[in-house]
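# An overview of the molecular structure
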Amino acid sequence: LGEPPHALAAAPGEAKPKQGTSMHGHGICKPCAWFWKPVGCQADSNCKYCHLCPEGELKNRKKDKVMLMRMGAATPTTTGEDGRQTLSLSLAPLV
């Protein structure tokens, strides 16, 4: 699918990754919901989400999360003062 038309090539010698892409190689990044849209991500280099993930990655991760919850392998839990939800994984329902 390639790069979206609004994406600009990195400047020569620019080695510093964007803020949200630093964890991409570890598989724990969070894909930017706006990067692949026609208008693109307005935060650009200040975006806290990953611009290296392929198109459709956010949708695939949401589908996987729903599947795990339906199987009983993941339970949403609220943690922290900000009220963000995380998943508690259990392998027992899968065995």
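I will try to describe carefully the structure that is included in this document. Note that this is a predicted model, so its numbers are computed, not measured. (Residues numbered from 1 in each chain as written. Predicted model: local features only at pLDDT ≥ 70, side-chain atom pairs only at ≥ 80, totals over all residues. Heavy atoms only, no water.)

### Observations regarding the overall build of the chain
Inclusion rule: Starting at the N terminus, helices and strands are each numbered in turn, a helix being any DSSP run of H or I of at least four residues and a strand any DSSP run of E of at least two. Burial classes follow relative accessibility: with a 1.4 Å probe on protein chains only, a residue under 20% of its type's maximum area counts as buried, one over 50% as exposed, and anything between as partly exposed. Any pair of residues with heavy atoms lying within 4.5 Å of one another is described as a contacting pair.
On a plain count of helices and strands, the chain comes out with 1 helix and 2 strands. N-terminal to C-terminal, the α/β element order of the chain is α-β-β. Relative to its 95 residues, the chain shows a buried fraction of 16%. Considering only contacts in the chain between residues 6 or more positions apart, those separated by 24 or more positions represent 42%.

### Here we look at the packing of aromatic side chains
Put simply, the rule is: Here the aromatic set is Phe, Tyr and Trp, taking the six-membered ring for Trp, and pairing holds for ring centres within 6.5 Å; pairs whose planes are under 30 degrees apart are stacked, those over 60 apart are edge-to-face, and all others are tilted. To sit over a ring, a charge needs its Lys NZ or Arg CZ within 6 Å of the ring centre and within 35 degrees of the ring normal.
All told, the structure shown has 1 aromatic pair when counted by the stated rule. On the basis of an interplanar angle of 85 degrees and a centroid distance of 5.5 Å, the ring pair of F35 and W36 is categorised as edge-to-face. Since its relative accessible area comes to 7%, F35 is described here as buried. Residue classification places W36 among the partly exposed positions, given a relative accessible area of 23%. For the cation-ring pair, K37 lies above W34, with the distance from its terminal atom to the ring centre recorded as 6.0 Å.

### Observations concerning the state of the cysteines
For the record, the criterion: A pair of sulfur atoms, both from cysteines and within 2.5 Å, is called a disulfide here.
Under the criterion given, the structure shown has 0 disulfides. Considering cysteine sulfurs only, C53 is the nearest to C29, which forms no disulfide, with 3.4 Å between them. In this model C50 remains outside any disulfide bridge; the closest cysteine sulfur is found in C53, 3.8 Å from its own. Under the relative-accessibility criterion, C50 is labelled buried at 2%.

Spatial relationships are all this shows, so hold off on functional conclusions.
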